[in-house]
Every structure is written in C-alpha cells, then in structure tokens.
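Inside the fold
The residues making up each chain are set out below.
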Amino acid sequence: MSTVEFEQPDGTVTSVDAPDGDSLMRSALTNLVPGIVADCGGELSCATCHVIVDDAWIGVVGPPTGFEDEMLDATSAEREAGSRLSCQVTVGPALDGVRVRIPASQW
Ligand code: FES
C-alpha cells in the first residue's frame, strides 16, 4: 500500500491509500477523487485521466513513452513537463507519497 496525493485546481489535496500494482487512475476512482474522468477505463484511448506530476517526483515517475506520449498532445489541458496519463502510472513503493495535480479543465 502506498500513499498518493491528488492536488485539485483549488489547492486542496486528497491523500489516498492505494494498493501497489494499481494505477494512479484506479486509485483516484476508487477513492472518488474528482477530476479523473477516465472515460476509457484505462485503455489509453481517452486522455481524460491527465495529471501533472509534481516537480519533485518527475524523475521518479518517469516520462511517458510510446502512444501515451502521443495521447498527451490531445488532452484538454495544455501539456506540461510532468504530464502523464494516470492510467499508465503504476503505484508501488517507489511512488509512496507521490503528488500529482489535476488540471482545472478536467473538473
Ligand atoms: S483512462 Fe483513458 S487514457 Fe487513461
């Protein structure tokens, strides 16, 4: 189990306990965190699970690759250095305490 922090556009932070192996997207949906729409259920076809990884965590989470990288050009919010699709980021001990921001356009 790891802790994930979701920062909303108004600055409020929701901290959730996420089972290792779950995606950030799944942990958000399970805990009713607003702003993660995830229309496609994690099939990498909707880009409605966009999050921006906190600067301090970008190196740990790592960059998007392949089709996720292309999909990030189709999100409703402008892409940033820490942009990831949360369905493609797997929770694990290395990410315990990770913080991600939810774009205002997904609210
Ligand atoms: S849930 Fe659709 S791309 Fe992530």
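This structure is a prediction, so every number in the text was calculated from the model and none was measured. (Residues numbered from 1 in each chain as written. Predicted model: local features only at pLDDT ≥ 70, side-chain atom pairs only at ≥ 80, totals over all residues.)

On a regular strand, each side chain points to the face opposite its neighbour's, so the side chains alternate between the two faces of the sheet. Sheet analysis places strand 1 (residues 2–7) next to strand 2 (residues 13–18), joined by 6 bridges and oriented antiparallel. Pairing of Thr-3 across the sheet is with Asp-17, part of strand 2. Linking two consecutive strands that pair antiparallel, namely strand 1 and strand 2, is a turn of 5 residues; a positive phi of about 95° is found at Gly-11 within it. Note: strand 1 against strand 5 (residues 98–101), 4 bridges, orientation parallel. Looking at the pairing, Glu-5 lines up with Arg-99 of strand 5. (Pairing = 2+ DSSP bridges. Helix = DSSP H or I, 4+ residues; strand = E, 2+ residues; numbered from the N terminus.)

Taken together, 5 strands build an open sheet; the order of strands is 2-1-5-3-4 and the sheet is mixed. Among the strands making up the open sheet, the edge pair consists of strand 2 and strand 4 (83–85). Taking each pair of neighbouring strands and ignoring which way they run, the sheet shows an average axis angle of 35°. Both strand 3 (residues 50–53) and strand 4 contribute to a ladder of 3 bridges, which runs antiparallel. Counterpart to Val-51 in the pairing with strand 4 is Arg-84. (Axes fitted to C-alpha atoms, helices over the stretch in contact; angles between N-to-C directions.)

This part covers the nonpolar core. In this structure, Val-4, Leu-24, Met-25, Ile-36, Cys-49, Val-51 and Val-100 are the most contacted members of the largest nonpolar core, which totals 21 residues. Broken down by secondary-structure element, the contributors of at least two residues to this core are strand 1, helix 1 (24–30), strand 3 and strand 5. Among all residues touching Cys-49, those that are not within four sequence positions of it are Met-25, Ile-36, Val-37, Ala-38, Leu-85, Ser-86 and Cys-87. (Core = buried A, V, L, I, M, F, W, Y, C linked by C-beta atoms within 7 Å. Buried ≥ 20, exposed ≤ 12 C-beta atoms within 10 Å, placed from the backbone. Contact = placed C-beta atoms within 7 Å.)

Burial along strand 3 is two-sided: the residues His-50 and Ile-52 and Val-51 and Val-53 are all buried. As paired strands, strand 3 and strand 5 are joined by 2 bridges and run antiparallel to one another. Of the residues in strand 5, the one forming a bridge with Val-53 is Val-100.

What follows deals with the environment of Asp-96. Within the secondary structure, Asp-96 sits in the loop between strand 4 and strand 5. Judged by C-beta crowding, with 13 C-beta atoms within 10 Å, Asp-96 ranks as partly exposed. Aside from chain neighbours lying at most four places away, what touches Asp-96 is Ser-2 and Thr-3.

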